[in-house]
Structures are given as C-alpha cells and as structure tokens.
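Summary of the model geometry
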Amino acid sequence: MYGFINTCLQSLVIEKFGEETWEKLKASAEVQDAFMTYTVYDDIITLKLIQEACKVLGVSTEAILKLFGEYFFEFCKKSGYDRMLRTLGGNLTEFIENLDALHSYLALSYKEMNAPSFRLERGADRKMLLHYYSDRSGLCHIVPGIMEAVAKDFFNIDVAMDILDMDEEVERTGKKEHVVFLIVQKSRGQMRRAKPNRLQDGQDTWKDQEALEAAFLRMKEKYLSVSVHPVKKSRWEVVRSTVMFGKGHLLNIFVPIYPERLWMEEKTFCNAFPFHIVFDESLRVKQAGVNIQKYVPGLQKQKIQLDKYFSIIHPQVTFNIFSICKFINSQGPADQFVLKTRREMMPEAWKHQPMLKLRGQMIWMESMRCMIYLCSPKLRSLQELEEHQMHLSDLAPHDTTRDLILLNQQRLAEMELSTQLEKKKEELRVLSKHLAIEKKKTETLLYAMLPEHVANQLKEGKKVAAGEFKTCTILFSDVVTFTNICAACEPIQIVNMLNSMYSKFDRLTSVHEVYKVETIGDAYMVVGGVPVPIGSHAQRVANFALGMRISAKEVMNPVTGEPIQIRVGIHTGPVLAGVVGDKMPRYCLFGDTVNTASRMESHGLPDKVHLSPTACRALEDQGFEIIERGEIEVKGKGKMTTYFLIQNLNASEEEIMGRPQTVLDRKEANARESQDSKTVVVMRYSYSCQLPPKSDAAQASDKLTPGGSPAAGQDSMEAADGQRSPDQTKPHLLPGDNLPSGFCALL
C-alpha cells in the first residue's frame, strides 16, 4: 500500500487516542517513525498496525476497520480530494458506480495502486446490493465506514450495511475476496421520528429488531437463490424496473432514434477510430484501426486470432467470447478492459521495448455476432509515450488520452517534487530530533554548573544581579581520617571511594531537592532555600544529612574494609548569592553563614550531625529528635551552645533515602528507572514556597527568577580552614562542581 494509507492510520490513532498510544502501537508493531505519501510499503505493515491496534485499544478488528473507513473519508477530503469525490455522482448510487473510474484515473499517478472494485445492484425499497472485490483479504469492513460517512456527508442520508455473502471470486475479476453488502437507506427524519417511540416502548424496539433481522434473512436467501448466470430481461421488465428503481416517470423516458443504415465509410471509420478492433465469436479479427495496425503489424494479416497477439490484463478472465460477455452482463458495459501485446509476437527489433497496453470498452454487436473493442493506448506520461516510440499525433484528436497524458505529466512532476520535499522534511525531522537530544544533553551539563534561570540569562547576554536571601540552611560534610586514608591507599582507590560516596549524596539532593554547591576533596557542601527560596529549607537539609549518614555506611574504607565515617555541620542564616567572573562563571554564596556552617562541620564528631543554635531553632517542632551537646569554643565565634541531630521521628528510613514504598511510588520509580538508571522518589514536604528575596543590587536591576535549578558558590573559607581536625588539612575552598536538583514542588 502507499504511505498515504499508513499516514491516515497514524493520524487517526493520534487524533482519537493520543500521541502516546501511537508510539506504543508503533513500537509493538515494529514499524518506522514516519511514512512517505507516495512511497509503496508492504501490506504486512498496514495489517500489523491494525492487529496491534486491536490489542492496544482492546477492540475488535471489525470496529477498528470501520472507524478507519470513516476517518479515511475525512482524511481524503482534508488532503485535497474533496471536490473530486463530490463530483463523482449526484446520489450514493452514482457515487459507487463511478468509484472504479476514479481508481482508474488515480492509477495514472499511483502506478503501484491495487484498488478494489465495486459493482452495484439496485433494488426496491431503498435497498441495494454492493459487490466488493479486492486482492486483500480481511479489509472489507472498511467499506461500511466509508459508505456510511459518504452518505451522511454528501447526500444527507443514513445508511445501514450488512454482509450478505463472502467468498472468493477468481474468474470475473481476478480478485481474491468477493463480499456482498446489503445497503439499506433510511432518511434522517424517519430515524428521528422513530427514535422517541422506540425509547418509550422497549417491546416495540424488540419487535422492530426482529422485523429488521427477518427482512435481512429474506434478502440473503433471495440473493443466494439467484442463479449466477446472466439472464436477459424482456423489454417490459426493463421498463418496469426503470420506473421501480426511480430512474424517472414512464412518460419522461428518453427514446433515441437510430438511422436505417450507418452513414460512414469503412476507411473513414478506421481513421476516425485509429485504435479499435472488431472480432467474432472465435476471436478472429475482422477489422482494426489504422494506428493499432501500425504498432501491432500482425493485425494486418487475414483471419488471425486476437488472443495470439494480446492477453487480457484486466479483468482477469479467460480470453474467450463467453467470458467477456459474462463479465459485461455482470459488471455493465462501462467497465474497462485492458489488453497487452505479447512480446513473442512482436517484430524482433521491438522486443526490447515495453509492450503496448490498450484500455477501452467491449461492446457486443448482436446482429453481426461480433465484439468491437474501442480503446486507446494506456499511457501515463510523455516518457512512456517516447518509450513506445509514439507521438501525440498518433492519438485521435477527440481522444482524451492526449489531455490525460499532458495533465498527468504535470501531476507526476508535482508528485516527484512532493516526494522530495517529504524526504527532506523527514530528514529535517530526524535531524531536529537528534538536535533536541544533543541540546538536552548540553543544557543538562550547563544546568549542572549554573541554575537554569542564571544560565538562561547569561546565554541571552544579560547580567545576573546578586540577591540577598534572608534565610537559608547550609551543610558541610567531610570524611573522618581522610588524610590517613590517602596516605595508605593508591590514588585510584581514593577516587573510587569518593565517587561511590558522592554518587549516593548526589542522589539524595534530588530526593530532598536541595542544591549541591561543590565538592573539594572529601568536603561536600549543599544549601537549602537558594536560589529558590522555600520555607522548608531547614527540614530538607536536615533530612539530607540523615540520609548522608545512612549512605556513608554503604561506602567502604579501602584501608580497613569497614564503612567510612563522616562529620556533618549545619547552620541557618542569611547569605548573598550571585554570579562572579566571566571565565567559568559560578553562582556563589557570600556571608558569615557560610563560615559558621563550616565551623559546625570542623567542630563536629564522627557520625554526628552538628547543629548551630539557629539551625536548631529552625527545626523545633518539626518532628526531629535533637539533643544538646553543650557549650563549646568555636574559632572566630567564641563560645556557642550547639546540638546534635539524632533522627526524624515522622519519617522512615525509606522516605529519607527516597526508596519506593507504596504501589504508586513503585510505579513512579519504575517509570523513572526506564528513563534513568537512578531510581528516586522525591520526599514530600508540607511547607509552602517563599517569594524570592531582592537585594540592593537587584533593586536596580531585574528580580531574581526562582524558576531555575538551584546552584551556589561559597564565601572565602580562610578562617574556617584554620581550625580543622588533625587529619583534615584542607586547601582553600573554591566553587566546585554542582548538580541540578528539582524545583519548589510541594504538596
């Protein structure tokens, strides 16, 4: 099938069921991302898509095909075939009778098109029998969807279609499937008037249904009992059927007048119709047009057999007079026959050329017991005309094949251009998709270094104004006896240990939505409430610290083989944040709060979370167990009463570590895990966001945008570095790596 069909199916699924359903359907059917309109695809692709649609949507094949038929009609109208379809006929009967002619015309452009065939039998009481022939089995349920949509849209009538019979039809049409539909027309007004009565009385509904089924069975029995052989009607039967079928009133029937003899010479006839053949019941050629003799020289011989020089391409019937007459009686005289010359009967010099195809009408002349075949060369373009070494002058001036060739030549050029545009469009779509993926990677890396709103402002060439945050919570941590470990191990062992520890800590930043500021050696720094102010910053950092302590037990000391120990210090207070530098710009924190938080870490104890007085007050009545450490001497601060954070009384270890607990959490975790190797369940906090602060510098510039990923830098740490544990000889802390975390998402 052409890609037009698959594109229609794709559009149907996306419009009716959503983009996600199409992606799921496409993945299960294992088909490509997009289809080219004028490219031919294997029928298996379409059938596979339909089968998978039934599974994914949980509906029957019949329902899917009927829905597709309805949508296909609308899709064709939107694709520019609206006027062509409307002009096929003035009623549903004429529309169906001209479908084969439409397919024949479209075949000029769509060379590989293998369209179905339709034949209509009209009956009384607004009933019709539609014969459907197709080379593709199992797709007949598309027809009711199309016909019902056409009847409703074009002719304002409602149509009900049922299958009377289904079998294989080989000789008449060469099609694999022959389905007979019963079409019953009912006006919308009658249906609306009948509907209230049926709703009021359920018994009447049951009787109406029984009557409809009985009528359907009688129609089916009548159809099956009819002889398959054509029966010649009497003159009166023809007139009576004409009146019954609504062809017009008896007094208004047109009666043509025929001459007593044909006023045309034989020579004139052969010149006026250069492509025609007259043959008798035994297929002996009696006469032929002048140009068909030119391109099939064997026809100039006396008493030659037509089937020796030609084979029937369409319809696929036996080449004898009985089969041809049988097909004409069943299909009607308007159906076209396509003949093709036999290569072995052509002159030797012509055998390398394409064989000539003729398309035309067979008419039986009863008085002469002969058949006349009025035809024209079947050509699609000027290229085919040249390949057959023919010219437009070889066609009769009244033959519309001339116009069709010229028009179709332009149409083929437009199709070729459209195909190239589609290919370029698909290439651009693929490139755009890859570009979006690479852009996302670049942005992820960029936002790992700077907050999103800061990075966006810098990309736009704007200056990022510094801002004061009235309150935030800062955390520092380090590894106990890190200097001794470094002295006793290989550098690669230290790197592996720190990588394992920091990976676990980084995951926790996403769980509690705190911002990772930097890592220097074994030191790890995070902040809550910067650059997105949030009321629960102290609780988030406290839970993060408890999670760090749990995670550290999973990291082994390469020297002793036992879990490492960490010290954690937390302080709450105001800071100033902003971007410094042009080369490698960083979002840094400034203020005494940074120094105090560092003092809490350096004066802490192994496996303890050390809190300053302000951090302790921020965590009061928040469900945390806190014990007083007592008064200690803090360098640069004097004596301070500090505290130890023990546990969160209202949160389990699984919640603090961001592990799935409920079924919903597991589903979310599985969804995340399918996209990312790290499974994270964000901990929920019942604290509302605060508005972002505005610094003195920011008052003269733009407001800080709280919509970005948090990032931070750090104040000078010379004073803090002066008093460390004996094993903690640290360099001057500078802004280091950071990772993006979530925004203020509170429930």
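This section reports on the structure supplied with the text. Note that the structure is predicted; figures quoted are calculated from it, not measured.

A word on the overall build of the protein. Helix and strand content of the protein: 26 helices and 18 strands. Per-residue burial for the protein yields a buried fraction of 45% across its 747 residues. Counting only contacts in the protein whose residues sit at least 6 apart along the sequence, the fraction spanning at least 24 positions is 66%. On the protein, roughly 39,800 Å² of surface is accessible, and the fraction owed to carbon and sulfur atoms is 54%.

Residue position: Ser28 is located in helix 2 (residues 19–29). Separated by 21 residues in the primary sequence, Ser28 and Leu49 place their C-alpha atoms 8.6 Å from one another. Sequence-distant contacts of Ser28, defined by excluding residues within four places in its chain, comprise Glu52 and Val56. One polar contact links Ser28 to Glu52, side chain to side chain, over a distance of 3.4 Å.

This paragraph deals with the side chain of His603. Its location among the elements puts His603 in the loop between helix 21 (592–602) and strand 16 (608–611). A residue is classified by how much of its surface remains accessible, and His603, at 11% relative accessible area, is buried. Within polar-contact distance, the side chain of His603 engages the side chain of Ser602 at 3.2 Å.

What follows concerns the sheet that holds strand 9 (residues 357–365). Whenever strands of a sheet pair, they do so through backbone hydrogen bonds, lying parallel or antiparallel. What the six strands build is an open sheet, ordered 6-5-10-9-8-7; its pairing is antiparallel. Looking at which strands have only one partner, the edges of the open sheet turn out to be strand 6 (285–288) and strand 7 (310–314). Neighbour-to-neighbour, the strand axes of the sheet open up by a mean angle of 30 degrees, direction not taken into account. Pairing analysis gives three bridges linking strand 5 (residues 276–280) to strand 6, with the strands arranged antiparallel. Across the sheet, the residue bridging to Phe279 is Val285, located in strand 6.

Calculation criteria
- Residues numbered from 1 in each chain as written.
- Predicted model: local features only at pLDDT ≥ 70, side-chain atom pairs only at ≥ 80, totals over all residues.
- Heavy atoms only, no water.
- Helix = DSSP H or I, 4+ residues; strand = E, 2+ residues; numbered from the N terminus.
- Buried < 20%, exposed > 50% of the residue type's maximum accessible area, 1.4 Å probe, protein only.
- Contact = heavy atoms within 4.5 Å.
- Areas by Shrake-Rupley, 256 points an atom, 1.4 Å probe, with all protein chains shown as cover.
- Polar contact = N/O pair within 3.5 Å; in protein donor to acceptor, adjacent residues only side chain to side chain.
- Pairing = 2+ DSSP bridges.
- Axes fitted to C-alpha atoms, helices over the stretch in contact; angles between N-to-C directions.

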